[in-house]
Amino acid sequence: NAGVTQTPKFRILKIGQSMTLQCTQDMNHNYMYWYRQDPGMGLKLIYYSVGAGITDKGEVPNGYNVSRSTTEDFPLRLELAAPSQTSVYFCASTPGQGAYGYTFGSGTRLTVV
Amino acid sequence: DQQVKQNSPSLSVQEGRISILNCDYTNSMFDYFLWYKKYPAEGPTFLISISSIKDKNEDGRFTVFLNKSAKHLSLHIVPSQPGDSAVYFCAASEGGNNNDMRFGAGTRLTVKP
């Protein structure tokens, strides 16, 4: 049982380049999330999805886009990368509301130079 | 706005002693509170949760206490073990349709043998 799988683990981008961070879960969870973690800070929500075909913005959505065509996949797209997007990105999923904990992927460390 | 705050960036305790990690929040609409543990180069893993209708939840060596009037929660680890050394994040959620969580900045716990 793989849980939440994120690829790539590391990436260096040049300013203005674009890329897609991949996230796949095999637990049939409806809820999926993208967070970023900057040094010394908590995780901040970028985008979330409550089911296939449904996405919405979180706290820090600017510069990012998402899609959710299947229950399993929730890719995060960075357009025109900027140094401020240098961060560690985590994808997470959960089966429902309330006290269910998230299952996180192992993260993607992105550096924009 | 930092709705969930962990004011101690680090904590060091001796093996076998109690570890107490603290968390404060400002949003009175939070209904669920969770603790996550994170090792380097891994995603956070869910540890324990509590809903706002309770003031205590216990799971083995881990106990979470909630004081709603003070908007404060704490995680107690007894007895502490070297393998508990990690960063601990407090998180809170209103529940609701999207179930997104707000995270604190984390506390690095070091348990010395």
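Our subject is the structure that appears above.
A short tour of the structure in this document, coming up. (Residues numbered from 1 in each chain as written. Chains lettered and ligands numbered in written order. Predicted model: local features only at pLDDT ≥ 70, side-chain atom pairs only at ≥ 80, totals over all residues. Heavy atoms only, no water.)

### Points about the pattern of salt bridges
- Per the counting criterion, the structure on display carries six salt bridges over all chains.
- A salt bridge links D38 of chain A to R36 of chain A; its shortest N-O distance comes to 2.9 Å.
- Residue classification places D38 of chain A among the partly exposed residues on the basis of a relative accessible area of 25%.
- Using a relative accessible area of 11% as the deciding quantity, one classes R36 of chain A as buried.
- With a closest N to O distance of 4.0 Å, D84 of chain B and K37 of chain B form a salt bridge. (Salt bridge = Lys/Arg side-chain N within 4 Å of Asp/Glu carboxyl O. Buried < 20%, exposed > 50% of the residue type's maximum accessible area, 1.4 Å probe, protein only.)

### A closer look at the nonpolar core
Residues and elements named next belong to chain B.
- One finds F33, W35, L73, L75 and Y88 to be the most contacted residues of the largest nonpolar core, which totals 23 residues.
- Secondary-structure elements contributing two or more residues to this core are β3 (19-25), β4 (32-38), β5 (45-51), β7 (62-67), β8 (72-77), β9 (86-93) and β11 (107-112).
- With four residues, the single largest contributor to this core is β9. (Core = buried A, V, L, I, M, F, W, Y, C linked by side-chain atoms within 4.5 Å. Helix = DSSP H or I, 4+ residues; strand = E, 2+ residues; numbered from the N terminus.)

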